[in-house]
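Examination of the molecular architecture
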Amino acid sequence: MTTETDTSLELDDIQAAALMPRPNPYAGAYLALRIDDRHAGRELIGRLIPLLEPVSSFDPDRPVSLGVGLSFAGLEAIGVPAESLATFPSEFQQGMAARAAYLGDVGESAPENWEKPLGSKDVHLVVAALARDTSLMENLVRLAQDAVRNRSGITPIWTLDVHVPPDGREQFGFKDSISEPAVEGTGILGSNPHEAPLKAGEFVLGYQDETGDVAPVPQPEVLGRNGTYVAFRKLHQRVAAFREYLGQNAADDAEQEWLAAKFVGRWPSGAPLALAADKDDPELGADPARNNAFMYGDDPRGLKCPVGAHARRMNARDAVITGQVRLHRMIRRGTNYGPSLPPGVLDDDGADRGLMFAFVGAHLARQFEFVQQQWVNDGKFIGAPAERDPLIGVQDGGEFTIPRRPIRRRLRGLPDFVVNRGGEYCFMPGLRALRWLADLDT
Amino acid sequence: MTSAVTTKSGKGLSYGVVSELATYWEVLPGHEDELRAATQRFAAVLSAVPLEKNIHTGLRDQRHVIFDNGQRLMWATTFENDWDPYFEDFVLIGIEHFLDWMQHTTQYSAVSEWVESSGGVEKFSADNPDVDAHVKQTVGGLKKIVASVQSPATGYFNNLSIWTMPEIVKAQRLQEAFQQVLDDPAAEEALQHPALKPLLEQAAD
């Protein structure tokens, strides 16, 4: 089967929230809704469309961002015909909970331990609303809530407030959301000048991707084209356990910071180990023109940045690994939730805190699922089969090697620092597709 | 521009850190000798590739066997990691060399059709400055063909299945360094330290 493709992107049809960086600073919410009545669901989508911006008119200084996605159960609930549903990839049809074993969502991260109703067939429509500050966010969320309010047949079933922490860093204490891929044809500048823009088909359905192919587009064309997939996960961060482990394995505060930086691949300021191997460089970390402008080719043994460090696993750049990095690049969106654990506190206060993670890409299997299976929860691709991602991998008492002269450091007995509290796969349609969904007459 | 829409490959057996992929092809009548020469060229190309690049491909070994009186070809590989998730990666890295031997099989007809629809074989000439882009665009066709002739092994064993290639390379590097240490007249005394006991135990042969 072949598909005619057009190389120019229809930027006026792609949801801005899919491709554009989130506001920063930010405050916002994720809302999950159940659609009990398909007609009410279609009307809701019709009300949401005017609130959504396409990439073409997106203003990076605009203080708000809204995105809408539907799970497979949501597409069923809204009455998408069976012959159309069958054209979605199997992993999306199954949903994230059914893919748990493949994704490494086992033990405490297993679906039976997820926060209800995540992982159930009730999560139909997900709205992500982000704004630059709390008051704008409240207005934005109110807009979204107004669209839902008093709609019989629509039930809000889950919400999660997210906000930038006071110090602007994620819960483990590191600046994040630094790395952004450039997407060909969008005008979106990537954060690494050494990385060529990725083909649009890596992130938007209907266009050529890095293999020279076009990913199967859900049918009819109006539904699938200009859409993408989103995988969101509520990742609980065990900050006290992280600090405790560092304290047990370091002689002083400076060594704790050094160990943590080796885990992450960056210093707390965001300065990459590849450019600041020995100590933090806050000026570098704060400079968007420099803090992601590097490769790993000059550090094959990981003496500056360990080959197994989290950031290097997530994007090995030009390092020698099994496979092609560019086939597995993702747009990653992280938003902080829950209260910060005050500095110096080593006891878990029981609060739920962590990161609402969102993957965006046209290939759930080749991008998100591949990265979870091969790069997060395995180490064969870097020649270290006994090791997993030290920060977000399922450890089971695993180990982590820090190359260092004269003798490498090897940490053992790593606990899990992150637990998945639940998530789902969503399809993020283009704006014309949303109109098609709103106008369904099945 | 037309692009092929593809489906995922099949899956061979895994053993430790490696997996196998065995494929069975039909040889075009009268092409046996050309095919034999092409498979030898393919092996020569792989032999000349620096180890670092081969680590990148994940390929541990491969062989071509022509059988059934020159009518059929087996291409069997051992690959580091699982074939299935890395299929596109591998094909993308080595694609230009596949075409050389694959053109002597009946399965190549689908690829050649696609090659023609992408601008003709001249577009794949090394003289074409855009050859890389055109080569990449054959991935879809190749993937479909390889998947269509793949047959999983019924039994599979690999003696080095617990080691990845980077670990093997490092073991080689360590062995060379250790032998240099042993060649030093001061080695025996230096290795007496309790922390070096495991090395001393390896020093006798």
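The model shown is predicted, which means the values in this text are computed figures rather than measured ones. (Residues numbered from 1 in each chain as written. Chains lettered and ligands numbered in written order. Predicted model: local features only at pLDDT ≥ 70, side-chain atom pairs only at ≥ 80, totals over all residues. Heavy atoms only, no water.)

Overview of the overall build of chain B
When helices and strands are counted, chain B shows 9 helices and 5 strands. N-terminal to C-terminal, the α/β element order of chain B is β-β-β-α-α-β-β-α-α-α-α-α-α-α. Here chain B, with 205 residues, has 43% of them falling under the buried criterion. Looking at chain B alone, contacts between residues at least 24 apart form 71% of all its contacts between residues at least 6 apart. (Helix = DSSP H or I, 4+ residues; strand = E, 2+ residues; numbered from the N terminus. Buried < 20%, exposed > 50% of the residue type's maximum accessible area, 1.4 Å probe, protein only. Contact = heavy atoms within 4.5 Å.)

Some thoughts on the overall build of chain A
Assigned secondary structure in chain A consists of 14 helices and 11 strands. Taking 442 residues into account, the globule formula puts the C-alpha radius of gyration at 22 Å, and chain A, at 21 Å, falls close to it. Principal-axis analysis of the C-alpha atoms gives chain A an extent of 70 × 50 × 40 Å. Across the 442 residues that make up chain A, the buried fraction comes to 62%. (Rg over C-alpha atoms; globule rule 2.2 N^0.38 Å.)

Re the side chain of His328 of chain A
Topologically, His328 of chain A is positioned in the loop between α12 (310–314) and β7 (331–337). On the basis of relative accessibility, which here comes to 1%, the residue His328 of chain A falls in the buried class. For His328 of chain A, the residues in contact, after removing those within four places along its chain, are Arg366, Gln367, Phe370, Val371 and Trp375 of chain A together with Pro85 and Asp89 of chain B.

Here's the deal with the sheet that holds strand β3 (residues 18–26) of chain B
All names here are of chain B. Strand order in this open sheet of 4 strands is β2-β3-β5-β4, and the pairing throughout is antiparallel. At either margin of the open sheet sits one strand with a lone partner, and together these are β2 (14–15) and β4 (59–67). Direction of pairing for β2 relative to β3: antiparallel, over a ladder of 2 bridges. Residue pairing for β3: Tyr15 is matched across the bridge by Val18. (Pairing = 2+ DSSP bridges.)

Structural notes on the confidence of the model for chain A
With 97% of its residues at a pLDDT of 70 or more, chain A shows a mean pLDDT of 93. For the stretch residues 1–6 of chain A, pLDDT sits under 50, and the model shows 18 contacts to residues farther than four places along the chain or on other chains. (pLDDT = per-residue confidence, 0-100.)

With respect to a positive patch on the surface
A cluster of like positive charges, contributed by Arg301, Arg405 and Arg408 of chain A together with Lys170 and Arg173 of chain B, occupies part of the molecular surface. Along the chain, Arg173 of chain B falls in helix α7 (residues 165–183). By relative accessible area, Arg173 of chain B is classed as partly exposed at 38%. (Patch = residues over 30% accessible without salt bridge, like charges linked within 9 Å, V, L, I, M, F, W, Y side chains within 5 Å. Areas by Shrake-Rupley, 256 points an atom, 1.4 Å probe, with all protein chains shown as cover. Salt bridge = Lys/Arg side-chain N within 4 Å of Asp/Glu carboxyl O. Lys, Arg positive; Asp, Glu negative; His and termini not counted. Charge placed at Lys NZ, Arg CZ, Asp CG, Glu CD.)

Re the pairing of strand β9 (residues 398–402) of chain A
Residue and element names in this part refer to chain A. For β9, the tally of buried residues reaches 4 of 5 residues, placing the bulk of the element in the interior. Relative to strand β10 (residues 409–414), β9 runs antiparallel, the two sharing 4 bridges. Across the sheet, Gly398 pairs through a bridge with Leu414, a residue of β10. Connecting the antiparallel pair β9 and β10 is a turn made up of 6 residues.

Concerning the environment of Val111 of chain B
Residues and elements named next belong to chain B. Turning to its location among the elements, Val111 is positioned in helix α4 (residues 108–117). Here Val111 falls in the buried class, since its relative accessible area comes to 1%. Placed 34 residues apart in sequence, Val111 and Ile145 show a C-alpha to C-alpha distance of 7.9 Å.

Section: the nonpolar core
The biggest cluster of nonpolar side chains holds 119 residues, and the ones touching the most others in it are Leu125 and Leu437 of chain A together with Trp101 of chain B. The dominant element in this core, judged by the number of residues it contributes, is helix α3 (residues 83–102) of chain B, at 8 residues. Apart from the residues lying within four places of it in its own chain, the contact partners of Leu437 of chain A are Arg42, Ile45, Leu70, Leu75, Ile78, Val80, Leu223 and Pro429 of chain A. Counting residues in each nonpolar core, the second largest holds 37 residues, with Leu130, Tyr207, Val360 and Cys426 of chain A among its members. (Core = buried A, V, L, I, M, F, W, Y, C linked by side-chain atoms within 4.5 Å.)

Regarding helix α13 (residues 364–376) of chain A
Its 13 residues place the ends of α13 of chain A only 15 Å apart at the C-alpha level, less than the 18 Å of an ideal helix rising 1.5 Å per residue. The axis of α13 of chain A is deflected most strongly, by about 45 degrees, at Phe370 of chain A. (Expected span 1.5 Å × (residues − 1). Bend = angle between axes of the 7 residues up to and from the residue.)

Some points on a nonpolar patch on the surface
Together, Leu160, Ile162 and Trp163 of chain B line one region of the surface with nonpolar side chains, adding up to about 320 Å² of accessible area. Judged by relative accessible area, Ile162 of chain B falls into the exposed class, the value being 57%.

A few points about the packing of helix α9 (residues 239–248) of chain A against helix α10 (residues 253–264) of chain A
Residues and elements named next belong to chain A. Look at α9 against α10: their axes get within 9 Å of each other, and the N-to-C directions meet at 120 degrees. The pairing of α9 with α10 is recorded here as oblique in orientation. As for how α9 packs across α10, the hand of that crossing is right-handed. Counting all contacts with α9, which are made through Phe242, Arg243, Tyr245, Leu246 and Gly247, the residues of α10 involved are Gln256, Leu259, Ala260 and Phe263. Looking at the contact of α9 with α10 residue by residue, the classes come out as 6 nonpolar, 2 polar and 1 charged. (Axes fitted to C-alpha atoms, helices over the stretch in contact; angles between N-to-C directions. Parallel < 35°, antiparallel > 145°, perpendicular 65-115°, else oblique. Left-handed = near helix turned anticlockwise from the far one by under 90°. Nonpolar A, V, L, I, M, F, W, Y, C, P; charged D, E, K, R; others polar.)

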